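A structural walkthrough
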Amino acid sequence: MTHTRTLVLRIVAAGSIAATLIPLGACQSTREQLLNVNTPDIINPSTVTSGPAADALRVGALARLRTITAGGEGAWMLGALMTDEWKSSDPFSQRNETDQRSVQESNANVQAFYTTLGQTRNSAREAINAMTIYEPTPAWGIGQMWWTMGFTELTLAETFCNGIPLGDASTGVPIYGMPLTGAQVDSVANAHFDSALTFLSATDATTQQIRQTVLISKARTLVDMGQFAAAAALVPASVIPTTFANPVVTFS
């Protein structure tokens, strides 16, 4: 009797396991289908062959720019923690050590926003490559992307010590840059602001707003380079109104 009862229990248990395995197999199949689905919201620059697709790259680069400025946990926020503009009130060690000016090299937040800076710069370069071919007008779009590159480089120079590499992976093949001093990165940013201005000669409101943004950014770079008179000459009150605000990086 005991042997028979044990055998029945084993048969029941085996049946339960088999019943469990059937839906597990179905879940595996469903998971593979979900993971293999196309993601049309992710744009591969090598497949861009139209104006709207090129402009989508521009919009994506601006989204990354917002992340590295006031729209994310980047150089603006962490820099403000270090200079006591902000104060950490949470238990996260990465923010607390920044607030205490004892940042470790392994700080994950710093590593993350450094990576995002490189991604932003590369996204702008990808957009320039595509827009030059498929969306050259209005010209302010390309000018805005040269400004995005320059502003990212300005942020790198202001945030990190000497030894900053400026690589390029916009063609799909990574090119690793040599370590540059902060002054050298400032020079690159300044040149890219000059490139932006060549696309911003129109008189419409959008072009002029972007042009003012570029002039302010270029003046800031010149201040970092010690060229104070040249910086002041770029942004007189007659050129930059006191009501100026950059909508791309402005948050409440």
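To keep things clear, this report deals only with the structure shown in the data block. None of these values were measured; they are calculated from a predicted model.

1. Structural notes on the pattern of salt bridges
Where charged atoms from two side chains of opposite charge approach closely, those side chains can pair. Enumeration over the complete set of coordinates arrives at seven salt bridges. If you follow the salt bridges from partner to partner, you end up with Glu73, Asp90 and Arg95 in one network.

2. Overview of helix H5 (residues 108-134)
Here H5 contains 27 residues, and its C-alpha end-to-end distance of 38 Å stays within 8% of the 39 Å for a straight helix at 1.5 Å per residue. Its side-chain oxygen 2.9 Å from the backbone nitrogen of asparagine 109, asparagine 107 forms the N-cap of H5.

3. Let's talk about empty space enclosed by the protein
Enumeration over the complete set of coordinates arrives at one cavity of 30 Å³ or more. Roughly 40 Å³ of volume is contained in the largest cavity. Elements represented by at least two residues in the lining of the largest cavity include exactly helix H6 (140-159) and helix H8 (205-224). Looking at the lining of the largest cavity, the element that brings in the most residues is H8, giving three residues. Looking at the lining of the largest cavity residue by residue, the classes come out as three nonpolar, four polar and no charged.

4. What about the packing of helix H7 (residues 182-197) against H8?
In contact at an axis separation of 10 Å, H7 and H8 are set at 160° when each is read in the N-to-C sense. In this view, H7 runs roughly antiparallel relative to H8, as classed from their interaxial angle. Handedness of the H7/H8 crossing: left-handed. Facing Asp186, Asn190, Phe193, Asp194, Ala196 and Leu197 of H7, the residues of H8 in contact are Arg211, Val214, Leu215, Ser217, Lys218, Thr221, Leu222 and Asp224. Class assignment of the residues belonging to the contact of H7 with H8 gives a composition of six nonpolar, three polar and five charged.

5. Details of the packing of H5 against H6
Two quantities define a packed helix pair, namely the angle between the axes and the distance from one axis to the other. Between H5 and H6, whose axes approach to 9 Å, the crossing angle comes to 160°. Comparing their axes, H6 and H5 come out roughly antiparallel. You can see that H5 and H6 cross each other, and the crossing is left-handed. Taken together, the residues of H6 that come into contact with H5 (itself represented by Phe113, Tyr114, Leu117, Thr120, Arg121, Ala124, Arg125, Ala127, Ile128, Met131 and Thr132) are Gly141, Ile142, Met145, Trp146, Thr148, Met149, Thr152, Glu153, Thr155, Leu156 and Thr159. When grouped by side-chain class, the residues that make up the contact of H5 with H6 number 12 nonpolar, seven polar and three charged.

6. Re unusual backbone geometry
A negative phi angle characterises most non-glycine residues, just as the trans form characterises most peptide bonds. Between threonine 137 and the following residue, proline 138, the backbone shows a cis peptide bond with an omega angle of -5°. Its location among the elements puts proline 138 in the loop between H5 and H6. Positive phi, normally seen in glycine, also occurs at aspartate 84, with a value near 70°. Note on placement: aspartate 84 falls in the loop between helix H3 (75-82) and helix H4 (93-99).

7. Some points on the packing of aromatic side chains
Under the defined criterion, the tally for this structure stands at four aromatic pairs. With a centroid separation of 5.7 Å and an interplanar angle of 35°, the aromatic rings of phenylalanine 113 and phenylalanine 160 are classed as tilted. With phenylalanine 113 in helix H5 and phenylalanine 160 in the loop between H6 and strand E1 (164-165), the pair connects residues that are 47 residues apart, well separated along the chain. Of the residues examined, phenylalanine 113 reaches a relative accessible area of 7% and is grouped as buried. Its relative accessible area of 22% is what places phenylalanine 160 among the partly exposed residues.

8. As for H6
An α-helical turn contains 3.6 residues, so any two residues separated by three or four positions project in the same direction. In this model H6 runs 28 Å from its N-terminal to its C-terminal C-alpha over 20 residues, within 8% of the 28 Å that 1.5 Å per residue would give. Most of H6 is tucked away, with 17 of its 20 residues classed as buried.

9. Observations regarding the layout of surface pockets
Looking at the largest pocket, its volume works out to about 360 Å³. In terms of lining residues, the largest pocket is bounded by 15 residues, among which Ala75, Leu78, Gly79, Phe113 and Thr159 are the most central. Within the residue set of the lining of the largest pocket, elements represented by two or more residues are H3, H5 and H6. The leading source of residues in the lining of the largest pocket is H3, at five residues. The residue makeup of the lining of the largest pocket, split by class, is nine nonpolar, four polar and two charged. By volume, the second largest pocket is sized at about 300 Å³.

Quick notes on the rules
Residues numbered from 1 in each chain as written. Predicted model: local features only at pLDDT ≥ 70, side-chain atom pairs only at ≥ 80, totals over all residues. Heavy atoms only, no water. Salt bridge = Lys/Arg side-chain N within 4 Å of Asp/Glu carboxyl O. Helix = DSSP H or I, 4+ residues; strand = E, 2+ residues; numbered from the N terminus. Expected span 1.5 Å × (residues − 1). Polar contact = N/O pair within 3.5 Å; in protein donor to acceptor, adjacent residues only side chain to side chain. 1 Å grid on protein atoms, 1.4 Å probe; cavity = no way out; pocket = protein on both sides within 12 Å on 5 of 7 lines; lining within 4 Å. Points joined across faces, edges and corners; volume = space filled by probe spheres on them. Nonpolar A, V, L, I, M, F, W, Y, C, P; charged D, E, K, R; others polar. Axes fitted to C-alpha atoms, helices over the stretch in contact; angles between N-to-C directions. Parallel < 35°, antiparallel > 145°, perpendicular 65-115°, else oblique. Left-handed = near helix turned anticlockwise from the far one by under 90°. Contact = heavy atoms within 4.5 Å. Phe/Tyr/Trp six-rings, centres within 6.5 Å; stacked < 30°, edge-to-face > 60°. Buried < 20%, exposed > 50% of the residue type's maximum accessible area, 1.4 Å probe, protein only.

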